[in-house]
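Close look at the chain arrangement
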Amino acid sequence: MTPHSRFLYRTMQLIRVTEEQLARCHARGLIHGACHTYVGEEAIATGVCAHLTKEDAVFSTHRGHGHALAKGMPPFELIAELFGRKAGCSRGRGGSMHLFSPEIGMMGTSGIVAPCILQAAGAGYSAMLRKTKQVGVAFFGDGAVNNGAFHEGLNMASIWKLPTLFVCENNQFATEVPFQYAAGNPDVASRAASYGMPGIQVDGNDVAAVSQAAEEAIVRARSGGGPTLIECKTYRTRPHAEGMGDYTYRTREDVAAWRERCPIKRYRAALLAAGEATEAELNAIDAEIQAEVARATAEAEKAAWPDAADATAHVYAPARSVGPAAVPDESRPPISYAAATLEALDREMADNPNIFVFGEGIGVRGGNFATTAGLFSKYGPERLRDTPISERGFVGIACGAAMTGTRPIVDFMFIDFINDSFGEIINQIAKMQYMSSGRLKMPLLMRGCVGIGHSAATHHSGSYHSIYSHIPGLRVVMPSTPYDAKGLFLHALRSDDPVLFLEHRELMSTKGIVPAEPYEIEFGKARVTRTGKDVTVVALALMLHRVQTAAEQLEGEGISVEIVDPRTVSPLDTGTILRSLQKTGRLLIVDEAFGPCGIAAEIAAHAADAGFNDLDAPIKRLNGAFAPTPYSPTLEAAVTPPVEAITAAIRDLVNE
Amino acid sequence: MPIAITVPRLGWSMEEGTFSAWLKQHGESVEPGEMLFAIESDKVTMDVEALDGGVLYVPADAPQPGERVVPGQLLGYLLAAGEAAPDGRVAVTPRARRVARELDVDLKSLQGTGKGGRIRERDVRGAAPKKPQQPVAQPLRRTIAARMMRSTQNTAPVTLMRRVDATSMAAMREQDKQISYTAIMVKLAAQALEQHPLLASRWEDDSIVAPSGTHIGIAVDTEHGLIVPVIRDADQLSITQIAARLRQLVQAAHARQLKPEDVDGGVFTITNLGAYGVEAFTPILNYPETAVLGMGAVQWEPVALGNGHLVTRQQITLSLTFDHRVLDGAPAARFLQTLAEVMTTALRSGPHA
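Because the structure is predicted, anything quoted here is derived from the model rather than measured.

**With respect to the overall build of chain B**
Within chain B, the regular secondary structure consists of 8 helices and 19 strands. In terms of overall size, chain B is more extended than a compact globule, its C-alpha atoms giving a radius of gyration of 42 Å where 353 residues would be expected to give roughly 20 Å. Each principal axis of the C-alpha distribution contributes one length, and for chain B these read about 130 × 45 × 40 Å. By residue count, 41% of the 353 residues in chain B fall in the buried class. Contacts in chain B between residues at least 24 apart in sequence constitute 63% of all its contacts with a sequence separation of at least 6. Within the structure as shown, chain B displays about 19400 Å² of accessible surface, and the carbon and sulfur contribution to it stands at 52%. Once the 36 positive and 39 negative side-chain charges of chain B are each reduced to a mean point, those two points are 7 Å apart.

**What about the domain arrangement of chain B?**
We note that the domain assignment places domain 1 (3-79), domain 2 (94-127) and domain 3 (139-349) within chain B. For domain 2 of chain B versus domain 3 of chain B, the separation of C-alpha centres amounts to 58 Å.

**So, the packing of aromatic side chains**
Residue and element names in this part refer to chain A. Taken as a whole, this structure holds 21 aromatic pairs over all chains when the rule is applied. Between W160 and F358, the aromatic rings sit 5.2 Å apart at their centres with planes inclined by 20 degrees, giving stacked as the arrangement. Separated by 198 residues along the polypeptide, W160 in the loop between α6 (148-159) and β4 (164-170) and F358 in strand β10 (residues 355-359) bring together distant segments of the chain. In this structure, W160 and F358 share a single accessibility class: buried. Between F489 and F501, the aromatic rings sit 4.9 Å apart at their centres with planes inclined by 80 degrees, giving edge-to-face as the arrangement. Of this pair, F489 sits in helix α20 (residues 482-493) while F501 sits in strand β15 (residues 499-504); the two residues are 12 residues apart in sequence, bridging distant segments of the chain. Accessibility expressed as a relative area gives 0% for F489, which makes it buried. Members of the aromatic cluster, each reached through a chain of ring pairs, are Y125, W160, F356, F358 and F394. One Lys or Arg, R261, reaches over the ring of W258 and ends 4.0 Å from the middle of that ring. R475 extends its terminal NZ or CZ atom over the ring of Y316, reaching a point 3.6 Å from the ring centre.

**What about the pattern of salt bridges?**
For the coordinates displayed, the defined rule picks out 52 salt bridges over all chains. A single network of salt bridges, built from pairs that share partners, joins K620(A), D652(A), E656(A), K115(B) and R118(B).

**Examining unusual backbone geometry**
Between S570(A) and P571(A) the backbone carries a cis peptide bond, its omega angle lying at 0 degrees. Relative to the elements of secondary structure, P571(A) occurs in the loop between β20 (568-570) and α22 (574-584). For the peptide bond that leads from Y287(B) to P288(B), omega is 10 degrees, which places it in the cis range. Structurally, P288(B) is set in the loop between β16 (268-272) and β17 (291-295). Within the chain, Q172(A) stands out as a residue other than glycine whose phi angle is a positive 80 degrees. With respect to the secondary-structure elements, Q172(A) resides in the loop between β4 and β5 (173-174). Phi at A541(A) is positive, roughly 50 degrees, even though this residue is not glycine. Checked against the element boundaries, A541(A) lands in helix α21 (residues 541-555).

**Let's talk about the sheet that holds β4(A)**
Residues and elements named next belong to chain A. One open sheet holds the 6 strands; their spatial order is β2-β1-β3-β4-β8-β7, and the pairing between them is parallel. In the strand order of this sheet, the two ends are held by β2 (106-109) and β7 (199-203), each with one partner. Taking the axes of each pair of neighbouring strands and ignoring which way they run, one obtains an average angle of 15 degrees across the sheet. For strand β1 (residues 57-60) and strand β3 (residues 136-141), the ladder comprises 3 bridges, and the chain directions are parallel. Residue pairing across strands places V58 opposite V137, the latter belonging to β3. Packing against the sheet, helix α5 (residues 115-130) makes contact with β1, β3 and β4, and its axis sits at approximately 170 degrees to β3. Contacting β4, β7 and β8 (228-233), helix α9 (residues 207-222) crosses the sheet at an angle of about 155 degrees to β7.

**Focus on the nonpolar core**
Residue and element names in this part refer to chain A. Residues F140 and F166 are the most contacted members of the largest nonpolar core, which totals 144 residues. Not counting residues within four places of it along the chain, the set of residues in contact with F140 comprises T61, V113, C116, I117, V145, F150, F166, V167, C168, E169 and L229. Grouped together as the second largest cluster of nonpolar side chains are 58 residues, A68, L69, A80 and L271 included.

**Describing α9(A)**
All names here are of chain A. Along its 16 residues, α9 runs 22 Å from first to last C-alpha, staying within 8% of the 22 Å computed at 1.5 Å per residue. Taken residue by residue, α9 has V207, V210, S211, A213, A214, A217, I218 and A221 as its buried positions. Structurally, the start of α9 carries an N-cap: the backbone nitrogen of A208 is 3.1 Å from a side-chain oxygen of D206.

**Things to note about the domain arrangement of chain A**
Assigned domains within chain A: domain 1 (3-304), domain 2 (335-512) and domain 3 (527-655). One C-alpha centre belongs to domain 1 of chain A, the other to domain 3 of chain A; they are set 53 Å apart.

**Points about the side chain of D411(A)**
Within the secondary structure layout, D411(A) lies in strand β12 (residues 407-414). R447(A) provides the closest opposite charge to the buried, salt-bridge-free D411(A), at an N-O distance of 4.1 Å.

**Some points on the interface of chain A and chain B**
In this assembly, 17 residues from chain A lie in contact with 12 residues from chain B. When chain A packs against chain B, close to 1100 Å² is buried across both sides, 35% of that on carbon and sulfur atoms. The largest per-residue losses of area from chain A upon contact with chain B belong to N613(A), D616(A) and E656(A), which jointly make up 52% of the total buried on that side. Inspection of the chain A/chain B interface yields 4 salt bridges. Taking the shortest distance from any N to any O, the salt bridge between D614(A) and R98(B) comes out at 2.3 Å. In this structure, the connection of chain A to chain B is made through 14 residue pairs in polar contact (both at pLDDT 80 or more).

**Quick look at the packing of helix α1 (residues 3-27) of chain A against helix α12 (residues 279-302) of chain A**
All names here are of chain A. At a minimum axis distance of 9 Å, the contact between α1 and α12 shows a crossing angle of 40 degrees. Accordingly, the angle class assigned to the pair α1 and α12 is oblique. The two elements α1 and α12 cross, and the hand of that crossing is right-handed. Residues R6, Y9, R10, Q13, L14, V17, T18, Q21 and C25 of α1 touch α12, and the partners they reach there are L282, I285, D286, E288, I289, Q290, E292, V293, A294 and T297. Along the lines of polarity and charge, the residues of the contact of α1 with α12 split into 9 nonpolar, 5 polar and 5 charged.

**A look at the environment of M149(B)**
Relative to the assigned elements, M149(B) resides in helix α3 (residues 139-154). Separated by 135 residues in sequence, M149(B) and I284(B) place their C-alpha atoms 9.8 Å apart.

**A closer look at the pairing of β3(A)**
All names here are of chain A. Burial within β3 is extensive, with 5 of its 6 residues counted as buried. Pairing geometry for β3 and β4, over 6 bridges, is parallel. Looking at β4, one finds that G136 is bridged to T164. Crossover β3 to β4 through α6 is right-handed.

**A closer look at α12(A)**
All names here are of chain A. Between its first and last C-alpha, α12 extends 35 Å over 24 residues, near the 34 Å set by a 1.5 Å rise per residue. For α12, every residue scored as buried is listed here: L282, I285, D286, I289, V293, A296, T297 and A300. As for α12, its buried residues are in contact with α1, α4 (75-82) and α11 (263-273).

**Some remarks on the side chain of R85(A)**
Residues and elements named next belong to chain A. Position of R85 among the secondary structure elements: in the loop between α4 and β2. Put simply, R85 is tucked away with no salt bridge, and the nearest opposite charge, on E301, sits 6.3 Å away. In contact with R85, other than residues within four places in its own chain, are A80, R91, G92, A300, E301, K302, A303, A304, W305 and P306.

**Notes on the sheet that holds strand β14 (residues 475-477) of chain A**
Residues and elements named next belong to chain A. The strand order β11-β10-β12-β13-β15-β14-β20 describes an open sheet built from 7 strands, whose pairing is mixed. With partners counted over all chains shown, the strands left at the sheet margins are β11 (384-386) and β20, one partner each. Between one strand axis and the next, the sheet turns by 20 degrees as a mean value, whatever way the strands run. Of the strand pairs in this sheet, β14 and β20 are connected by 2 bridges, and their pairing is antiparallel. When the sheet's bridge partners are listed, V476 is paired in β20 with S570. Lying over the sheet, helix α13 (residues 337-351) contacts β10, β11, β12, β13 (445-450) and β15, oriented at roughly 145 degrees with respect to β15.

Basis of the calculations
- Residues numbered from 1 in each chain as written.
- Chains lettered and ligands numbered in written order.
- Predicted model: local features only at pLDDT ≥ 70, side-chain atom pairs only at ≥ 80, totals over all residues.
- Heavy atoms only, no water.
- Helix = DSSP H or I, 4+ residues; strand = E, 2+ residues; numbered from the N terminus.
- Rg over C-alpha atoms; globule rule 2.2 N^0.38 Å.
- Buried < 20%, exposed > 50% of the residue type's maximum accessible area, 1.4 Å probe, protein only.
- Contact = heavy atoms within 4.5 Å.
- Areas by Shrake-Rupley, 256 points an atom, 1.4 Å probe, with all protein chains shown as cover.
- Lys, Arg positive; Asp, Glu negative; His and termini not counted.
- Charge placed at Lys NZ, Arg CZ, Asp CG, Glu CD.
- Domains from an automatic or database assignment.
- Phe/Tyr/Trp six-rings, centres within 6.5 Å; stacked < 30°, edge-to-face > 60°.
- Lys NZ or Arg CZ within 6 Å of the ring centre and 35° of its normal.
- Salt bridge = Lys/Arg side-chain N within 4 Å of Asp/Glu carboxyl O.
- Pairing = 2+ DSSP bridges.
- Axes fitted to C-alpha atoms, helices over the stretch in contact; angles between N-to-C directions.
- Core = buried A, V, L, I, M, F, W, Y, C linked by side-chain atoms within 4.5 Å.
- Expected span 1.5 Å × (residues − 1).
- Polar contact = N/O pair within 3.5 Å; in protein donor to acceptor, adjacent residues only side chain to side chain.
- Buried area = accessible area lost by both parts, 1.4 Å probe.
- Parallel < 35°, antiparallel > 145°, perpendicular 65-115°, else oblique.
- Left-handed = near helix turned anticlockwise from the far one by under 90°.
- Nonpolar A, V, L, I, M, F, W, Y, C, P; charged D, E, K, R; others polar.
- Right-handed = clockwise from strand over helix to strand, strands pointing away.

Here is the structure:
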């Protein structure tokens, strides 16, 4: 046997035996959640991974056991993971659907069907930028190809010629929904033509055919020829998940017929027929695998449980300490908020070749808000990458890139646009560090405008900071001055956590004193922007400026207002707010966003709890109206709290 | 005035009914003409409209939906904005409650100034007995306090007092008013310390550390508090030189311009309260020094001579506090004895010696 044919046979058999063992373990109650087996589809993972090294990055879906094993994961780590043990590949955080072993290039499987397509393209982007000859590979089912991520991911991989393989395992059912029914064009490979890339259809139960097609595609990818879509026609001969009924949507006869086309049986026969292997050789491999899997199962059953105290570890990367903040140089002319972040970005891009920017019009044009002005000519098109209007796609690609060693920035222009990628942000980006138990980093900065103004109407004016701050794993930053913007932006650029950097549109051209040298401002450090003794007012971004005006007016009436700018919504510096409340006894929170479940409610809850005995009046909130943003100036002005409403609220609070 | 909301009589025959529901919520504001609550008699269910406006206040013990009620029974109140509820409950802010606890103020005695008569922090503070403000002590005062405590806690002080003849000292001062009693005593103490170095040494980690030189500190009273500048190598200076140096140091002390080297390294301290008529006192050791010499007032006194005659002489009381850990009473007394001797002998050489 050649090493190649031995790998193919052995790997398929390892997957089969492990899966059958897991099915038994599921029946015995050793597996606590879902268990999606790969029985019948072994040839695909095996044929593709035969041409990958551990530097190549594999991404897959809920049916990922086979990909993990073919990529080199020991069966013990897989079994222990499904048993929920600490020695499992994801340290017990994932189970069947979330397998992570970045050490061998198994970058993760997901319970959502299509993000792997984008992440593999992102790995391809990292490889292209760093010129490493790695490839990114996505394994996904037919259920993913009718998802927008397929369209956006393949299109961008094609236009940027990313070294990526898209391997569709067409097992003909998305859970129970037949692909023939769900697809207007059920020929997946032919869809490649829509994106201008080669589309190849192979018999997914013929490991030699898969191997050959994959080899050609991988050679093409490594040599700069761009991505390939390979459709592997196959069938899973076990139910969607262990324990589920199987014959409501397909027949016993169909399943029996596909069992006859078992890829392992076929390859064994072919090896024997060609005289490439003897029965004895193959039996020896079978016996060795049986023993290995039996041993792995026994060890996994004995393996230790994870420590409950670690349940919230690795949500964020370890904190970085930063140097002292720079002192504003009064002799330097003031610069704008947008220019302040541009200074930080330019400086950091010069120092760190792994930083690149995705966005619409951020290349030659320099960004809608001049956020990348002048950078294209310095750093070129690969690092200042104009994108199609495919927010979900490029955010998902940025996720894959961040997982594989680069530091993407998504310049999304308006937060309303990036809401199209909400699932990528909260399901993938926010969770990746935790689910990989801190073995993956997520240095991804998403920046752009929020806030109402200029009659931008409802799709260019959102303030969604509260929604994102609800999600563990994200940092949400909202600076109110050019000085803070630069320091927080640089901190975000050096952070290993995903950061939403939200810039109020009405502040972009405001000016302030900003030190020329680089400096960082840590997240979670509020700033008391004005000291006072009667009322504490907490506000962010544009509202902070309105509160400052209100406070100046009230000073004449003898009302002394203390103002706290949290600067970051997540993490939230409740300590500074509570200390101020301790002094004043009164708290008003002014936030442009909607009231219900918002950051103002969150701050009020902290104050009512930890600051209860300091309260000398009810906690008050002033929020934007609970309505979409209207266009007409008279309507627009009616949905955010004006200065007069803020002064009235403060007066009212003093009289409570 | 709170407006009472009561159960109406729905028709002549109604003796009892069932309260169905509020159509407004507690705390909600109600306009006249709005439907306020629903009530059920034997015959009909009726929504009852509000005749007045206000904020609906439903007492905790008011009838619950489904309860039997009789005409005229109280259901709740309509309050004007900010009006207190009529059922005697007084609202108090959590902060006011806390402050009342801290200042021991009885909340029942207070009239609140907040909305609806709510008691606020200012109401509690206004009712609390006024305590005089105690300003935090100045930094120098706090330093002195800490040093005095350290001295009394870490030493074993004993004070010896002795009257000595000050005639020569007074005579020297009479000749040159620039020379103070303190300056003279610095010189005399320096000479006496040569014979009794134990009094200039210090106790450190169970051993006795010899003095680095005869550096004598002088307690100086300034408007900010006590400060002790040091005359270095006093044994090598003449009285005139000591007096000049002392004047410099005192001036600098008052101007708060002493440098660290002006106050560091003392091995023995002299403190003089004689100018205020004090005769004897028990000075506190200038830790970690071993001895401090207190000077009383120089006074004319009758002295009985050995031959039975009575003469008047100028006398001074010296108060020597020493650390009993370093030396015992007798050697300390011998130091005083030496001092008494040099007070008569040494001064014969004049102020320039």
